[in-house]
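Secondary and tertiary structure notes
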Amino acid sequence: MRSLVNLIKRYGEYVFVAIFVVLSTYALGAFLTAGAANGTILPLQASREAVEIDELFNVQFWLIAFFFSLIVVFMLWSVIFHRRRGEDDDAPGEDFEGNSTLEIVWTIIPLGIVLALAVYGGSVLSNIERRATDALEVNVIGQRWAWRFEYPESGAVSSDLVLPVDRQVLLRMRSDDVIHSFWVPEFRVKQDLLPATFGDEDNTRELRITPTIKGDYKVRCAELCGELHYAMLADVMVVEPEEFETWAAAQAAECDLEAADCGARWVEQYGCTACHSFDGTQVVGPTWLGLAGSQVLLDDGSSVLADEIYLETSIINPNDQIHEGFQPNVMPVNFEEQLTEEQIAEIVAFIQTLGE
Ligand SMILES: [Cu+2]
């Protein structure tokens, strides 16, 4: 009897500590994983890939909850119950030598955990890169500070990313200038866009996503890429397959509207609106309100009439004449390759409708 009481006295507090570690792990782990599932900690799970990735997160959440609890409970226990009391408060602590068993244990256990996580992570990666044979191909082009999406299947071009629900998309990405990064938090996966002209390698990068929940999301550039990086967004719409087909057909059709209306469409699709406004506000480039027909002051001190020729030249060779107060080498110089002559003429017609 005596010895049992002694035993409890001797080891009772360890049992206590163990119970606290378990309780705290459970509370924290449950809080984190529940938060991930109901969208308070992680964004909505809107793709097949997100489900796999979140399961991996959950395993890590439980591990984190356990080690956090282990450390914090032991620390509090030491601080509260085993602090030095009394007058020799400031006296140095007891010396002790290393403990080989302990060192071996705390090396082997984390090593095992890291290796297991590596294997599990590798299998999740290979799952989310699995190829579907009917994947919808979309070319993603990033350019300071706009996104362009080309659909080779239908010929559609858009500054919005419209996707059919429950079908895998294969995004083939490249940048026309600096490094950008494609990220839709609800889809979880992320991929850098590299300049296509960097060296002679093919720098196109691929990303596969299978959206599973209809709705509106946003692509956010996740690589600091200059002044308007924060505004480098694109709308993502996940819709029914039929709705997608109708949309793609409409985007691809030849423009049979009035020239200026077609121009308005190209201006959206090719991302001019990232830098030019129609309402007088100066963004990165000059506003188009009142531009056509006005006298434009150039940075060499001369001035020029903003007629058709000036507008057209400004689109094809932006660095030829620089509008006073604006920077050269900001506007992309490759619109001549991206746009047909007709499209350029239609854009000019559109800019003229905003003129004086
Ligand atoms: Cu960017």
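Residues numbered from 1 in each chain as written. Predicted model: local features only at pLDDT ≥ 70, side-chain atom pairs only at ≥ 80, totals over all residues.

Focus: the packing of helix H5 (residues 259-269) against helix H8 (residues 341-353)
Contact geometry of H5 with H8 gives a least axis separation of 7 Å together with a crossing angle of 100 degrees. In terms of orientation, H5 lies roughly perpendicular with respect to H8. Together, Ala-259, Ala-260, Cys-262, Gly-263, Ala-264, Trp-266 and Val-267 of H5 and Gln-343, Ala-345, Glu-346, Ile-347, Ala-349, Phe-350 and Thr-353 of H8 make up the contact between the two elements. Considered class by class, the residues forming the contact of H5 with H8 number 10 nonpolar, three polar and one charged. (Axes fitted to C-alpha atoms, helices over the stretch in contact; angles between N-to-C directions. Helix = DSSP H or I, 4+ residues; strand = E, 2+ residues; numbered from the N terminus. Parallel < 35°, antiparallel > 145°, perpendicular 65-115°, else oblique. Contact = placed C-beta atoms within 7 Å. Nonpolar A, V, L, I, M, F, W, Y, C, P; charged D, E, K, R; others polar.)

Examining the sheet that holds strand S9 (residues 215-221)
What the five strands build is an open sheet, ordered S4-S10-S9-S6-S7; its pairing is mixed. The open sheet is flanked by strand S4 (161-164) and strand S7 (190-193), the only strands paired with a single partner. Going from strand to strand, the sheet's axes swing by 25 degrees on average, the running direction of each strand aside. Inspection of the sheet shows S9 paired to strand S10 (residues 233-239) by six bridges, in the antiparallel sense. Across the sheet, residue Gly-215 finds its bridge partner in S10, namely Val-238. In the packing of helix H4 (residues 241-252) onto the sheet, contacts are made with S4 and S10, and the angle to S4 comes to roughly 140 degrees. (Pairing = 2+ DSSP bridges.)

Some details on the domain arrangement of the protein
Partitioning the protein into domains gives domain 1 (2-81), domain 2 (136-252) and domain 3 (259-353). In this structure, domain 1 and domain 3 have C-alpha centres spaced 59 Å apart. (Domains from an automatic or database assignment.)

Observations concerning helix H3 (residues 100-128)
For H3, spanning 29 residues, the distance from its first C-alpha to its last is 42 Å, which sits close to the expected 42 Å at 1.5 Å a residue. Among the 29 residues of H3, one are classified as buried, and the element is accordingly described as predominantly exposed. (Expected span 1.5 Å × (residues − 1). Buried ≥ 20, exposed ≤ 12 C-beta atoms within 10 Å, placed from the backbone.)

Considerations on the pairing of strand S2 (residues 146-151)
Sheet topology places strand S1 (residues 136-143) next to S2; five bridges connect them, and they run antiparallel. Residue pairing in the sheet places Ile-141 in a bridge with Arg-148 of S2. Two elements, S2 and strand S3 (residues 156-158), share three bridges in a ladder whose sense is antiparallel. Considered in S3, the bridge of Glu-150 is made with Val-157. The hairpin formed by S2 and S3 contains four residues between the paired strands, and Gly-155 there has a positive phi angle of roughly 80 degrees.

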